[in-house]
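Close look at the chain arrangement
Each chain, letter by letter, is given below.
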Amino acid sequence: MALYPEIEPYDHGMLDVGDGNRVYWETCGNPRGKPALVLHGGPGSRSNPWFRRLFDPAAYRVVLLDQRGCGRSTPPASAYDTDMSVNTTAHLMADLELLRRHLGIERWLVWGVSWGSVLGLRYAQTHPGVVSELVLTGVATGSNAEVALMTKGLGQLFPEAFERFLAELPEAARAGNLAAAYNRLIESPDPRVRARAARAWTDWETAIAAAPPRSVPRYEDPVFRMGFARTVTHYWGNDHFLGEGNEEGVVLRGAPLLKDIPGTLVQGSLDPGNLLGVVWRLHHAWPGSELIVIDDVGHNAGAPDMADALVAATDRYAGR
């Protein structure tokens, strides 16, 4: 695998973004290099030191952050009294702009994985002048159709796990938006209800990744599990806070807005999101984008061939 060596940040901090939130950020690589922003997935995951290795440390000034409520940012989404009403896509994009100005960056390459690709795309559509390039993997666009696929459609492929997933919900809630129904349980004042719902949600996430139940180590951490399940259901249950008309995708419809931004999409051929053809539709609607499909890989940026393609993309953009 063509990953760069492990490196440590040369600077980090907590940025006050308002609403009582402080966002953790770090920078690594070359302080005078090409700025690059890394957006983690979820919503509700956190930055990962592995992401640093996708960039040439001599060429890039790499910026990582934990999005609101995630990782080292405070207050954590796992805490019941954390106000989730101030955790939306608009809030996250405002945080990115505040961080960019705080670090004195004019323009930056934006790298995103999974939910990070949704956030990166919408950020670039909203602030095209500050995004030099996009490198995205595990590509999604945050449409309601994608949420329906991930919560209902894949039930046909994983019927046993889906039966367990539905069983945690009140019968009357099983026909509607399942993410919203789970979010209602996770917002329950009863900690036992919250814990059961978070466990059931991450069991389903594990099942649709085609792994044995409860095999993902990060989901065995009850604090991470609660914060992740609460955040992802909050976003998936509310149209990703992308506004009206999100059934087929606000982000996908806005692809022509990216016409002046080069981009590379690296997608596994077995990624379940491909069942809706979203990445192909995005590529064809986005002038100047390239699509690289890696055979026999699912929703996994860490697969060797995926990592090779991601490093090749950042290398190619390093001198631009």
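Okay, so let's go over this structure. Given the structure is predicted, the values throughout are model-derived calculations rather than measurements.

A closer look at the overall build of the protein
- Tallying secondary structure elements over the protein gives eleven helices and eight strands in all.
- Computed over C-alpha atoms, the radius of gyration of the protein comes to 19 Å, within 12% of the 20 Å expected from 2.2 N^0.38 for 320 residues, which places it in the range of a compact globule.
- Structurally, the protein occupies a C-alpha span of about 55 × 40 × 35 Å along its principal axes.
- Burial analysis of the protein (320 residues in total) assigns 57% to the buried set.
- Approximately 13200 Å² of the protein is accessible, and the part contributed by carbon and sulfur atoms is 54%.
- Separation between the mean location of the 30 positive side-chain charges and that of the 37 negative ones in the protein comes to 3 Å.

Some points on helix 6 (residues 178–186)
- Counting buried positions along helix 6 gives eight out of nine residues, so the element sits mostly inside the fold.
- For helix 6, the full list of buried residues reads Leu178, Ala179, Ala180, Ala181, Tyr182, Asn183, Leu185 and Ile186.
- Check the buried side of helix 6 and you find it contacts helix 4 (144–151), helix 5 (159–167), helix 7 (191–208) and helix 8 (222–236).
- Capping the start of helix 6, Asn177 holds a side-chain oxygen 3.0 Å from the backbone nitrogen of Ala179, two or three residues further along.

So, the pairing of strand 3 (residues 34–39)
- Extensive coverage of strand 3 is indicated by the burial of six of its six residues.
- Neither face of strand 3 is open: one carries Lys34, Ala36 and Val38, the other Pro35, Leu37 and Leu39, and all of them are buried.
- The pairing of strand 3 with strand 4 (residues 60–65) spans five bridges and is classified as parallel. Its bridge partner lying in strand 4, Val38 is registered against Leu64.
- The pairing of strand 3 with strand 5 (residues 108–113) spans four bridges and is classified as parallel. Across the sheet, Val38 pairs through a bridge with Trp111, a residue of strand 5.

Description of the packing of aromatic side chains
- A complete count under the given rule lists 15 aromatic pairs for this structure.
- For the pair Phe51 and Trp111, a centre-to-centre distance of 5.1 Å together with 50 degrees between the ring planes defines the contact as tilted. Residue Phe51 is located in helix 1 (residues 49–52), and its partner Trp111 is located in strand 5; the two are separated by 60 residues in the primary sequence.
- What makes Phe51 buried here is its relative accessible area of 9%.
- With 5.0 Å between their ring centres and 15 degrees between their planes, Phe165 and Trp204 make a pair best called stacked. Taken together, the residues span a long stretch of sequence, with Phe165 in helix 5 and Trp204 in helix 7 at a distance of 39 residues.
- Judged by its relative accessible area of 2%, Phe165 falls in the buried class.
- An aromatic cluster of at least three residues, connected via ring pairs, comprises Phe162, Phe165, Tyr182, Trp201, Trp204 and Trp236.
- The ring of Tyr80 is capped by Arg194, whose NZ or CZ atom sits 4.1 Å from the centre of that ring.

Looking at the packing of helix 7 against helix 8
- Their axes nearest at 9 Å, the elements helix 7 and helix 8 cross at an angle of 75 degrees. Regarding the angle of helix 7 to helix 8, the classification is roughly perpendicular. Residues Arg194, Ala195, Ala198, Arg199, Trp201, Thr202 and Glu205 of helix 7 form the contact with helix 8, whose participating residues are Arg225, Met226, Phe228, Ala229, Val232, Thr233 and Trp236.

Things to note about the environment of Ala318
- Positionally, Ala318 belongs in helix 11 (residues 304–318).
- According to the relative accessible area criterion, Ala318 is partly exposed, its value standing at 23%.
- For Ala318 and Ala59, which are 259 residues apart along the polypeptide, the C-alpha to C-alpha distance reads 6.2 Å.
- When sequence neighbours within four positions are dropped, the list of residues in contact with Ala318 reads Lys34, Ala59 and Tyr60.

What about the pattern of salt bridges?
- What the rule picks out here adds up to 18 salt bridges.
- With a shortest N-O distance of 2.7 Å, Asp95 and Arg68 are connected by a salt bridge. Of this pair, Asp95 sits in helix 2 (residues 89–102) while Arg68 sits in the loop between strand 4 and helix 2, placing them 27 residues apart in sequence. Here Asp95 and Arg68 have matching classes, each one buried.

What about the side chain of Ser73?
- Within the secondary structure, Ser73 is located in the loop between strand 4 and helix 2.
- From its side chain, Ser73 meets the backbone nitrogen of Tyr24 in a polar contact 2.9 Å long.
- At a separation of 2.6 Å, a polar atom in the side chain of Ser73 contacts the main-chain carbonyl oxygen of Asp66.
- Among all residues touching Ser73, those that are not within four sequence positions of it are Met14, Arg22, Val23, Tyr24, Asp66 and Gln67.

Here is what the cut-offs are and how they apply
Residues numbered from 1 in each chain as written. Predicted model: local features only at pLDDT ≥ 70, side-chain atom pairs only at ≥ 80, totals over all residues. Heavy atoms only, no water. Helix = DSSP H or I, 4+ residues; strand = E, 2+ residues; numbered from the N terminus. Rg over C-alpha atoms; globule rule 2.2 N^0.38 Å. Buried < 20%, exposed > 50% of the residue type's maximum accessible area, 1.4 Å probe, protein only. Areas by Shrake-Rupley, 256 points an atom, 1.4 Å probe, with all protein chains shown as cover. Lys, Arg positive; Asp, Glu negative; His and termini not counted. Charge placed at Lys NZ, Arg CZ, Asp CG, Glu CD. Contact = heavy atoms within 4.5 Å. Polar contact = N/O pair within 3.5 Å; in protein donor to acceptor, adjacent residues only side chain to side chain. Pairing = 2+ DSSP bridges. Phe/Tyr/Trp six-rings, centres within 6.5 Å; stacked < 30°, edge-to-face > 60°. Lys NZ or Arg CZ within 6 Å of the ring centre and 35° of its normal. Axes fitted to C-alpha atoms, helices over the stretch in contact; angles between N-to-C directions. Parallel < 35°, antiparallel > 145°, perpendicular 65-115°, else oblique. Salt bridge = Lys/Arg side-chain N within 4 Å of Asp/Glu carboxyl O.

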